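# Tertiary structure, described
Residue-level listing of the chains:
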Protein chains: 2
Amino acid sequence: MPTMKDVAQRAGVSVSTVSRVISGSDRISAATKERVRAAMKELDFHPNAIARSLASKTAGTIGLVVSRSPENAFANSFFPEVIRGIGSVLSKHGYYLLLIMTDDPEVERAQTLAALRSRRVDGAIVTSSRVSDPLFRHLVEEKRKFVLIGRVLDDLPVSYVDNDNVKVGYMATRHLIEAGYRRIAMISGATEYVVSLDRIEGYKKAITEAGMEFRKEYLVNAGFTRESGEDACRKLLALEEPPDAIFAADDTMASGAVRAILKSGLRIPEDVGVIGVNDDPLASMMRPALSTVRIPVFELGVWAARILMDLLSNGETVPRQMVLPGTLVVRETSSARGLFSA
Amino acid sequence: MPTMKDVAQRAGVSVSTVSRVISGSDRISAATKERVRAAMKELDFHPNAIARSLASKTAGTIGLVVSRSPENAFANSFFPEVIRGIGSVLSKHGYYLLLIMTDDPEVERAQTLAALRSRRVDGAIVTSSRVSDPLFRHLVEEKRKFVLIGRVLDDLPVSYVDNDNVKVGYMATRHLIEAGYRRIAMISGATEYVVSLDRIEGYKKAITEAGMEFRKEYLVNAGFTRESGEDACRKLLALEEPPDAIFAADDTMASGAVRAILKSGLRIPEDVGVIGVNDDPLASMMRPALSTVRIPVFELGVWAARILMDLLSNGETVPRQMVLPGTLVVRETSSARGLFSA
DNA sequence: CTGTTAGCGCTTTCAC
DNA sequence: GTGAAAGCGCTAACAG
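Position numbers for residues start from 1 in each chain and track the written sequence from start to end. Chain letters and ligand numbers both follow the written order, the letters beginning at A and the numbers at 1. Residues qualify for local features only when their pLDDT is at least 70, as the model is predicted, and side-chain atom pairs are given and counted only at 80 or more; totals for whole chains, interfaces and linings, by contrast, use all residues. Only hydrogens and water are removed before side-chain values are computed, so all heavy atoms of the structure are retained for them.

### So, the overall build of chain A
In terms of regular secondary structure, chain A is built from 13 helices and 12 strands. The principal-axis extent of the C-alpha atoms belonging to chain A is close to 90 × 40 × 30 Å. Looking at chain A residue by residue over its 342 residues, the buried ones come to 55%. In chain A, once contacts between residues fewer than 6 apart in sequence are set aside, the share between residues at least 24 apart is 71%. Counting rule for charge: Lys and Arg are taken as positive, Asp and Glu as negative, and neither His nor the chain ends is counted. The atoms used to mark charge sites are NZ of Lys, CZ of Arg, CG of Asp and CD of Glu. Once the 44 positive and 42 negative side-chain charges of chain A are each reduced to a mean point, those two points are 7 Å apart. To qualify as a helix, a DSSP run of H or I must reach at least 4 residues; to qualify as a strand, a run of E must reach at least 2; elements of each kind are numbered from the N terminus. Burial classes follow relative accessibility: with a 1.4 Å probe on protein chains only, a residue under 20% of its type's maximum area counts as buried, one over 50% as exposed, and anything between as partly exposed. Contacts were defined at the residue level, with two residues in contact if any of their heavy atoms lie within 4.5 Å.

This is how it looks when you write it as structure tokens:
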């Protein structure tokens, strides 16, 4: 592999000159620039990114930490989309993406910290939202550059981009109310996630705001899987006064709920309405097609990356927060009284 | 940030000693090892991965190239699984994963080559299988270390791990035949992919082997999307003598086919049988649940990574190929004559 | 077992 | 506009 030295010799200049034409310095005569370019081509020279990093003290890489605990099967549809979003901005800045993803949260935390501390990455985007994750405290204390997709409950000075989950819960529930349902239950995700807490809050808000009574037995927690959604729904249907509509905090769980309802012989949306969250591809493929609140995953990625780029370049230090809205998508599972049709 | 030099001073040793304890050399007294460890801890020292890479001439990172052309929406379920597989072996070897993924195949190729040439990654795993992709020729000519998930048609000396797609096509078709169907059509993916070609071959083999006649009009190409599957199926159903079973080369297309069939008023599996490929989560969630041939995606990732690790460590030079079998998963869409039940 | 000494390939003052 | 020289932080012979 030829080095800059080789190129310099061949072009009859010094290495610093070669370095300059590579980095696009303007204080270089067009002639030498040409000569150097030619030499690089002839030698098939490609600058060594590692050496460049060492000298310039920037890795040119950012880390993406994807929480992938077993419950997070839902991450499947989320994952490629955030990456697309992130990638779309990183590539403009010439950054690479290092992926950190393990089944074990401990390992994940260790790897994230290690990647940052070893200077392998300049910063990180973390997708997670556990109610209390020691990772963030470490990150903040060590003054690492990072952006969270989700949000933290503690008032740590953290930059994040999140979707407005309280509103998401509110919109979904409100839609069911407007569609004419009256006994609305919620199947929430594990409460160790902030996102779950937020959506529950939105649900409660819509319920009480509509003058309905919040019933404890109408709120059940489940994992993010289809099976747990089905189980949860079955329990709800077995109540003395079963709900006539179900808001599941995730499409996958919603699909489980749909199954439970159908199995029990009830009709959707006539007897029971259902709405999920995400607008997973699954939602439109199901029969009946699932109403849902669409989350702008691609955009979450875009903004997380943009903010991180700012943190890295402008040396920005004030944390920046950003909240993106969801969009109601009405399909077939939620139009009991024909008020809506999709 | 403290460096090795700082640690060395504090521990009263030389930098090479520090280096040795870091790399776990055995020719080191327990005492000094302790002393150095203590110094590292006190200074909160973390070795600089970039510097280490420069000196040792290995990046400690491998690239994963994920083809994500628009047609490849199906990559959604594929993607996280391969990564899990790859990650499970990389982490054992202390390697990191750099993700290369763009919508534009040109850019993708450029980035892949750049990452390798700039020594940012030691090797790469490429998921793609276009019939003729110039990338592979380059990779081979430049003697890059890489493993393909999929396979190439040209006889380039390439290491790859693939699933046995001819067999997959054969199994699916054969199953339909055994289930009692007689007019079996195939909806294939775009023929620019080797995988499509292979599955078609398997389909033809099963057809002719069963003494049936291969009918041109029963083989239609589609993209990998649901819509294109639905369109393709509609065309098939409009034939003078429509098929009584459909083998779709992918679950997503199969779901489209199912929709077209149901819309046309036919029953599944009584009137028309359907089988897909992949065992996408979608397959088990659909109603009727989709019969399919399961592809061992996680394992593909595992083996690709293992082979790459060998290439990198043993300096292995002989390309290694590996072919993994699929598994028939019979569900509800393919048991016309009650021969099968799932 | 441990220290000395060269680099790894590039960036970046600081001169001219 | 261009060159010389001093690192960036670590590894890896080579001595001893």
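### Thoughts on unusual backbone geometry
Here the amide bond leading from Arg287 of chain A into Pro288 of chain A is cis, since omega sits at -10 degrees, within 30 degrees of zero. Topologically, Pro288 of chain A is positioned in the loop between helix H12 (281-285) and strand S10 (291-294). The residue after Ile268 of chain B, namely Pro269 of chain B, is reached through a cis peptide bond having omega 5 degrees. Tracing the backbone through its elements, the reader meets Pro269 of chain B in the loop between helix H11 (251-263) and strand S9 (273-278). A positive phi angle, close to 55 degrees, is found at Asp44 of chain B, a residue other than glycine. The phi torsion at Arg119 of chain B lies on the positive side, around 65 degrees, for a residue other than glycine. Summarising the element assignment, Arg119 of chain B is placed in the loop between helix H6 (105-117) and strand S3 (123-127). The class of Arg119 of chain B is partly exposed, set by a relative accessible area of 34%.

### Thoughts on the protein's contact with DNA strand C
Close contacts around DNA strand C come from 24 residues, with Met4 of chain A together with Ser16, Thr17, Arg20 and Thr32 of chain B the closest. Whether a residue is near a molecule or strand is decided by its heavy atoms; if any one of them lies within 4 Å of it, the residue is near. Within 4 Å of the protein, the contacting atoms of DNA strand C are 61% sugar and phosphate, with bases supplying the remainder. Contacts to DNA strand C include Ser14 of chain B, whose backbone N or O atom sits 3.0 Å from a phosphate oxygen. What qualifies as a polar contact is a pair of N or O atoms within 3.5 Å, subject to a donor-acceptor requirement within protein and to the restriction that residues adjacent in sequence count only when both atoms come from side chains. Note that a phosphate oxygen of DNA strand C is positioned 2.8 Å from one of the side-chain N or O atoms of Thr32 of chain B. Contributing elements (two or more residues each) for the surface near DNA strand C: helix H2 (15-23) and helix H4 (49-56) of chain A together with helix H2 (15-23) and helix H4 (49-56) of chain B. For the surface near DNA strand C, the residue count by class is 9 nonpolar, 10 polar and 5 charged. Nonpolar residues are Ala, Val, Leu, Ile, Met, Phe, Trp, Tyr, Cys and Pro. Charged residues are Asp, Glu, Lys and Arg, and all others, Gly as well, are polar.

### Topic: the packing of H4 of chain A against H4 of chain B
An axis is simply a line fitted to the C-alpha atoms; with a helix, the fit covers only the stretch in contact. Between two such axes, the angle follows the N-to-C directions and lies from 0 to 180 degrees. Across the interface, H4 of chain A lies against H4 of chain B with an axial gap of 9 Å and an inter-helix angle of 135 degrees. When the axes of H4 of chain A and H4 of chain B are compared, the pair comes out oblique. The handedness of the crossing between H4 of chain A and H4 of chain B comes out as left-handed. Of the residues in H4 of chain B, those in contact with Ile50, Ala51, Ser53 and Leu54 of chain A of H4 of chain A are Ile50, Ala51, Ser53 and Leu54 of chain B. By definition in this entry, angles of less than 35 degrees are roughly parallel, angles greater than 145 are roughly antiparallel, angles of 65 to 115 are roughly perpendicular, and the rest are oblique. Handedness of a crossing is defined here by the sense of rotation of the near helix relative to the far one, left-handed for an anticlockwise turn of less than a right angle and right-handed for a clockwise turn.

### Topic: the protein's contact with DNA strand D
Around DNA strand D there are 24 residues in total, and Thr17, Arg20 and Thr32 of chain A together with Met4 and Ser19 of chain B lie nearest to it. Close to the protein, within 4 Å, the atoms of DNA strand D belong to sugar or phosphate groups at a rate of 65%. In this structure, a sugar or linking oxygen belonging to DNA strand D sits 3.0 Å away from a side-chain N or O atom of Lys57 of chain A. With respect to DNA strand D, the backbone of Asn48 of chain B contributes an N or O atom lying 3.1 Å from a phosphate oxygen. Looking at the surface near DNA strand D residue by residue, the class counts come to 9 nonpolar, 10 polar and 5 charged.

### A look at the interface of chain A and chain B
On the chain B side, the residues contacting the 44 residues of chain A number 43 residues. Throughout this description, the term salt bridge denotes a Lys or Arg side-chain nitrogen within 4 Å of a carboxyl oxygen of Asp or Glu. Counting every contact that joins chain A to chain B gives 2 salt bridges. A salt bridge links Asp103 of chain A to Arg84 of chain B; the shortest N-O distance between them is 3.4 Å. Where chain A touches chain B, the interface holds 12 residue pairs in polar contact (both at pLDDT 80 or more). Where the side of chain A that touches chain B is concerned, the elements lending two or more residues are H4, helix H5 (75-93), strand S2 (96-100), helix H6 (105-117), helix H11 (251-263) and H12 of chain A. For the side of chain A that touches chain B, the leading source of residues is H5 of chain A, giving 7 residues. Class assignment for the residues of the side of chain A that touches chain B results in 21 nonpolar, 12 polar and 11 charged. For two strands to be treated as a pair, DSSP must find at least two bridges joining them. The pairing of S2 of chain A with strand S2 (residues 96-100) of chain B spans 3 bridges and is antiparallel. Along S2 of chain B, the bridge assignment pairs Leu99 of chain A with Leu97 of chain B.

### Focus on the nonpolar core
The definition of a nonpolar core used throughout is a set of buried Ala, Val, Leu, Ile, Met, Phe, Trp, Tyr and Cys residues joined through side-chain atoms within 4.5 Å. Within the largest apolar cluster, 156 residues are counted, with the highest numbers of intra-cluster contacts made by Ile187 of chain A together with Ile187 of chain B. Aside from chain neighbours lying at most four places away, what touches Ile187 of chain A is Val220, Ala222, Gly229, Ala232, Cys233, Leu236, Ile246, Phe247, Ala248, Ala249, Met253 and Ala257 of chain A.

### A few points about the sheet that holds S10 of chain A
All names here are of chain A. Sheet architecture is open: 6 strands sit in the order S7-S6-S8-S9-S10-S12, paired in mixed fashion. Since the sheet does not close on itself, it has two edges, and those belong to strand S7 (219-221) and strand S12 (327-329), each with one partner. Neighbour to neighbour, the strand axes of the sheet diverge by 20 degrees on average, direction disregarded. As paired elements, strand S9 (residues 273-278) and S10 share 4 bridges and run parallel to each other. Of the residues in S10, the one forming a bridge with Val277 is Val293. The strands touched by H11 are strand S6 (184-188), strand S8 (245-248), S9 and S10; relative to S9, the strand with the most contacts, the crossing angle is about 160 degrees.

### Section: the sheet that holds strand S6 (residues 184-188) of chain B
Residue and element names in this part refer to chain B. Taken in spatial order, the 6 strands line up as S7-S6-S8-S9-S10-S12 in an open sheet, and their pairing is mixed. Every other strand in the sheet has two partners, leaving strand S7 (219-221) and strand S12 (327-329) as the edge strands with one partner each. Neighbour to neighbour, the strand axes of the sheet diverge by 20 degrees on average, direction disregarded. As judged from the 3 bridges shared by S6 and S7, these two strands associate in the parallel manner. Directly across from Met186, in S7, lies its bridge partner Leu219. Helix H8 (residues 165-178) contacts S6, strand S8 (245-248), S9, strand S10 (291-294) and S12 of the sheet and is inclined by roughly 165 degrees relative to S8. Strand contacts of helix H9 (residues 194-209): S6, S7, S8 and S9, with the helix running at about 175 degrees to S6, the strand carrying the most contacts.

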